[in-house]
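Understanding the architecture of this molecule
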Amino acid sequence: MLTLVKNVTLTGTTTIGGKTVERHTATINSENPSEMTLNIGIKVNKALSEANLEACRAERNEFEDAAYALKNEMVAAQTETTEE
């Protein structure tokens, strides 16, 4: 039996000097937004990532904050819908 799940995916890319250094994704289940999968700091260019550790770390944190903000927004919207 086929089960379909609708997800929202947030993606981010850390670039330095025009080069992609890291990729980030957050996948949130649309039907149950409390379910979120994070993949943060997937290194595309390890040398640049290590040479710019502080900048990469700051962008990882920024992405994580954005992902949780979206998740919280979706949970709140779902709660409002079920209360009506």
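Presented here is an overview of the structure given in this document. (Residues numbered from 1 in each chain as written. Predicted model: local features only at pLDDT ≥ 70, side-chain atom pairs only at ≥ 80, totals over all residues. Heavy atoms only, no water.)

1. Quick word on the overall build of the chain
A count of helices and strands for the chain gives two helices and three strands. If you line up the chain on its principal axes, its C-alpha atoms span 50 × 30 × 15 Å. Counting every position in the chain, which comprises 84 residues, the buried fraction comes to 21%. Residue pairs in contact within the chain that sit at least 24 positions apart in sequence constitute 47% of those at least 6 positions apart. Accessible area of the chain: about 5,800 Å², with a carbon and sulfur share of 49%. (Helix = DSSP H or I, 4+ residues; strand = E, 2+ residues; numbered from the N terminus. Buried < 20%, exposed > 50% of the residue type's maximum accessible area, 1.4 Å probe, protein only. Contact = heavy atoms within 4.5 Å. Areas by Shrake-Rupley, 256 points an atom, 1.4 Å probe, with all protein chains shown as cover.)

2. Thoughts on the sheet that holds strand β3 (residues 36–43)
The three strands are arranged β1-β2-β3 in an open sheet whose pairing can be described as antiparallel. Edge positions in the sheet fall to β1 (7–16) and β3, since each has one partner strand and no second. Across the sheet, the mean angle separating the axes of adjacent strands is 10° when strand polarity is ignored. With six bridges connecting them, strand β2 (residues 19–29) and β3 associate as antiparallel partners. Bridge assignment links A26 to a residue of β3, and that residue is L38. (Pairing = 2+ DSSP bridges. Axes fitted to C-alpha atoms, helices over the stretch in contact; angles between N-to-C directions.)

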